[in-house]
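Structural overview for review
For reference, the chains in residue letters:
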Amino acid sequence: MIRFVTRLSNSARLTPGIDFPGDFDLPRPAELCTWVDYALCRGEPDQMFVRGAAQREAAALCRRCPVILQCGIEALDNGIEYGVWGGMTERKRRALLKLHPNVESWADLVDFV
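**Focus: the overall build of the protein chain**
Along the backbone of the protein chain there are three helices and two strands. Burial statistics for the protein chain: of 113 residues in total, 33% are counted as buried. Partitioning the intrachain contacts of the protein chain with sequence separation of at least 6 by distance along the chain shows that 39% fall at a separation of at least 24. About 7800 Å² of surface is accessible on the protein chain, with carbon and sulfur atoms providing 55% of the total.

In structure tokens, the structure reads:
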């Protein structure tokens, strides 16, 4: 059985216990969606590739994002150098990678149950 994402008042329920903002009327079945489909920045990704004080504003958007963890893992596991990913600036990601140089897969450290 394929579940489609539909609007339910102000949120779309995809998985029990996880609410996403109401503008997630996706044209695909939920099973075919990736975390990127649920990112709050998906419509305006350029806002995440800024410098200086504007990075704080970008990181503030991340704090409300339902896929902040998956986004941060994507950047850490793939060595993405630029932009705000998972609420982390370039500097914060470099510091985290330097602090934990032996981590081969950040995704393996997280339980997505």
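On we go.
**Remarks on the environment of tryptophan 106**
For tryptophan 106, the position within the fold is in the segment after helix H3 (90–99). According to the relative accessible area criterion, tryptophan 106 is buried, its value standing at 11%. With residues near it in sequence (within four places) discarded, tryptophan 106 still touches Ile73, Leu76, Asp77, Leu96, Leu97 and His100.

**Regarding the packing of aromatic side chains**
Scanning all chains against the criterion turns up one aromatic pair. Look at phenylalanine 49 and tryptophan 85: their rings are 6.4 Å apart centre to centre, the planes differ by 80 degrees, and that puts the pair in the edge-to-face class. Of the two residues, phenylalanine 49 sits in the loop between strand E2 (18–21) and helix H1 (54–63) while tryptophan 85 sits in the loop between helix H2 (68–77) and H3, which places them 36 residues apart along the sequence. Residue tryptophan 85 is classed as buried on the basis of its relative accessible area, which comes to 18%.

**Examining the confidence of the model for the protein chain**
Residues of the protein chain with pLDDT of at least 70 account for 69%, and the chain-wide mean is 76. Averaged pLDDT values for the elements of the protein chain fall to 35 in strand E1 (residues 11–15) and rise to 95 in H3. Across residues 1–24, where pLDDT falls below 50, the model places 49 contacts with residues more than four positions away in sequence or in other chains.

**A short note on the side chain of arginine 93**
Along the chain, arginine 93 turns up in helix H3. Here arginine 93 sits buried without a salt bridge, and the closest side chain of opposite charge, glutamate 90, lies 5.4 Å off (N-O distance). In terms of polar contacts, arginine 93 uses its side chain to reach the backbone carbonyl oxygen of glycine 83, at 2.8 Å. Those residues within four positions of arginine 93 in sequence are excluded, and the remaining contacts are Ala75, Leu76, Ile80, Glu81, Tyr82, Gly83, Val84, Trp85 and Met88.

What counts, and at which threshold
- Residues numbered from 1 in each chain as written.
- Predicted model: local features only at pLDDT ≥ 70, side-chain atom pairs only at ≥ 80, totals over all residues.
- Heavy atoms only, no water.
- Helix = DSSP H or I, 4+ residues; strand = E, 2+ residues; numbered from the N terminus.
- Buried < 20%, exposed > 50% of the residue type's maximum accessible area, 1.4 Å probe, protein only.
- Contact = heavy atoms within 4.5 Å.
- Areas by Shrake-Rupley, 256 points an atom, 1.4 Å probe, with all protein chains shown as cover.
- Phe/Tyr/Trp six-rings, centres within 6.5 Å; stacked < 30°, edge-to-face > 60°.
- pLDDT = per-residue confidence, 0-100.
- Lys, Arg positive; Asp, Glu negative; His and termini not counted.
- Salt bridge = Lys/Arg side-chain N within 4 Å of Asp/Glu carboxyl O.
- Polar contact = N/O pair within 3.5 Å; in protein donor to acceptor, adjacent residues only side chain to side chain.

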